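Listed below are the residues making up each chain.
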Amino acid sequence: MLRTIVVIGGLCIGMGSKVQAQAVDSSYHNYLYDSRVAYFRQLPPVKKAIVFWGDSITDWGDWAELLQFKKAINRGIAGDNTYGLRGRLDEIVRHEPAKLFILIGTNDINKKIPVPYIVANYKKIIRAIRQQSPKTALYVQSVFPINNQLIGRQYYSGTNEQIMELNKALKAMADEQRVPFVNIYPDLLDAQQQLDARFTYDGLHLSGLGYQAWVASLKRQRLL
């Protein structure tokens with residue numbers, strides 16, 4: 001009887017894990033993602049580049065112009081998440097980047113992906129980069145704040161509290177993995193601890209001044 005109960009209990013636990021796994025939205029394929037990845041893969045590799053890798057916040061920055069460096073390349077895709085980054089690792093490592101700046105997590109929060117899943121994806125990404133491009137200097141950047149007064153809640157549900165919770169977990173993960181954690185978050189805040197209105201036009205994405213503030217923060221931290 002005891003053995004039967006243990007077996008049934010084990011089955012219940014297994015089923016519970018499966019249900020939990022199914023509840024996490026790990027999707028990332030869509031027309032924009034697939035077309036941009038196909039486009040990137042057709043371009044010639046840029047060896048020893050500085051690569052900015054992430055979602056729309058990275059995507060909408062003109063990195064070669066911002067840095068005045070022609071080998072600064074943009075590998076952001078609007079709407080991407082940590083699962084999407086894992087899905088296009090091959091396109092990044094072929095460049096053998098000198099430096100790789102990762103910024104991802106905003107869309108994971110919006111998709112209600114739990115922090116442990118996000119952190120686990122980061123660890124897999126870091127492990128793969130180290131194995132396939134061991135000379136690349138990796139940098140995990142903090143997820144940026146939002147402005148509650150400007151953001152459109154019809155398309156973004158995350159909060160600064162959730163972002164700070166994720167950043168805390170990402171810093172702990174980066175420390176454990178011995179990867180620099182680059183905290184840009186405080187350099188974008190106003191006196192009310194919101195994303196400064198000068199640095200955004202919709203409460204989430206950056207303005208030209210926002211991108212300049214981002215680059216200035218990286219330079220102050222002597223990463224560029």
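Quick note: structure is the one above.
Thresholds applied
- Residues numbered from 1 in each chain as written.
- Predicted model: local features only at pLDDT ≥ 70, side-chain atom pairs only at ≥ 80, totals over all residues.
- Heavy atoms only, no water.
- Helix = DSSP H or I, 4+ residues; strand = E, 2+ residues; numbered from the N terminus.
- Rg over C-alpha atoms; globule rule 2.2 N^0.38 Å.
- Buried < 20%, exposed > 50% of the residue type's maximum accessible area, 1.4 Å probe, protein only.
- Contact = heavy atoms within 4.5 Å.
- Salt bridge = Lys/Arg side-chain N within 4 Å of Asp/Glu carboxyl O.
- Axes fitted to C-alpha atoms, helices over the stretch in contact; angles between N-to-C directions.
- Left-handed = near helix turned anticlockwise from the far one by under 90°.
- Nonpolar A, V, L, I, M, F, W, Y, C, P; charged D, E, K, R; others polar.
- Pairing = 2+ DSSP bridges.
- Polar contact = N/O pair within 3.5 Å; in protein donor to acceptor, adjacent residues only side chain to side chain.
- Core = buried A, V, L, I, M, F, W, Y, C linked by side-chain atoms within 4.5 Å.

**What to know about the overall build of the chain**
Phase 1 of the analysis: Assigned secondary structure in the chain consists of 10 helices and five strands.
Phase 2 of the analysis: Taking 2.2 N^0.38 as the reference for a compact globule, 224 residues should give roughly 17 Å; the C-alpha atoms of the chain span a radius of gyration of 19 Å, in line with that estimate.
Phase 3 of the analysis: Along the longest, intermediate and shortest principal axes, the C-alpha atoms of the chain span 70 × 40 × 35 Å.
Phase 4 of the analysis: Going through the 224 residues of the chain one by one, you find that 48% of them count as buried.
Phase 5 of the analysis: Within the chain, contacts between residues at least 6 apart in sequence are counted, and of these 72% link residues at least 24 apart.

**A look at the pattern of salt bridges**
Phase 1 of the analysis: Scanning the entire structure with this criterion turns up 10 salt bridges.
Phase 2 of the analysis: Its salt-bridge partner being Glu96, residue Lys47 comes within 3.7 Å of it at the nearest N-O pair. On the criterion of sequence distance, the pair formed by Lys47 in the loop between helix 2 (31-42) and strand 1 (50-54) and Glu96 in the loop between helix 6 (89-93) and strand 3 (99-103) is long-range, its members being 49 residues apart.
Phase 3 of the analysis: Asp175 is paired through a salt bridge with Lys171; the nearest N and O atoms lie 2.9 Å apart. Of this pair, Asp175 and Lys171 both sit in helix 9 (residues 160-177), separated by four residues, roughly a single helical turn.
Phase 4 of the analysis: Each of Arg75, Glu91 and Arg94 takes part in salt bridges that share partners, so that together they form one network.

**Concerning the packing of helix 8 (residues 115-132) against helix 9**
Phase 1 of the analysis: As a packed pair, helix 8 and helix 9 sit with axes 10 Å apart at the nearest point and diverge in direction by 35°. As for the relative orientation of helix 8 and helix 9, their crossing is right-handed in sense. Between helix 8, through Val115, Ile118, Val119, Tyr122, Lys123, Ile126 and Arg130, and helix 9, the contact on the second element is made entirely by Glu165, Leu166, Ala169, Leu170, Met173, Glu176 and Gln177.
Phase 2 of the analysis: Broken down by class, the residue content of the contact of helix 8 with helix 9 amounts to nine nonpolar, one polar and four charged.

**Considering the sheet that holds strand 4 (residues 137-141)**
Phase 1 of the analysis: Taken together, the five strands give an open sheet; going across it, the order is 2-1-3-4-5, and neighbouring strands pair in parallel fashion. Sheet topology places strand 2 (72-76) and strand 5 (181-182) at the edges, where each strand pairs with a single neighbour.
Phase 2 of the analysis: Pairing between strand 1 and strand 2: five bridges, direction parallel. In the strand pairing of strand 2, Val51 is matched with Ile73.

**Here we look at the pairing of strand 1**
Phase 1 of the analysis: The buried fraction of strand 1 is high, at five of five residues.
Phase 2 of the analysis: The alternating pattern of strand 1 places Ile50, Phe52 and Gly54 on one face and Val51 and Trp53 on the opposite face, and all of these are buried.
Phase 3 of the analysis: In this sheet, strand 3 lies alongside strand 1 in parallel orientation, the contact comprising five bridges. Paired with Phe52 across the strands is Phe101, a residue of strand 3.

**Let's talk about the environment of Asn81**
Phase 1 of the analysis: Examined against the element boundaries, Asn81 turns out to sit in the loop between strand 2 and helix 5 (82-87).
Phase 2 of the analysis: Residues in contact with Asn81, not counting those within four places in the same chain, are Ser27, Tyr28, Ile104, Asn107, Asp108 and Lys111.
Phase 3 of the analysis: From its side chain, Asn81 meets the backbone nitrogen of Tyr83 in a polar contact 2.9 Å long.
Phase 4 of the analysis: A polar atom in the side chain of Asn81 sits 3.0 Å from the backbone nitrogen of Gly84.

**Structural notes on the nonpolar core**
Phase 1 of the analysis: One finds Trp53, Leu100, Ile102, Tyr122, Ile129 and Leu170 to be the most contacted residues of the largest nonpolar core, which totals 39 residues.
Phase 2 of the analysis: Only strand 1, helix 5, helix 6, strand 3, helix 8, strand 4 and helix 9 provide two or more residues apiece to this core.

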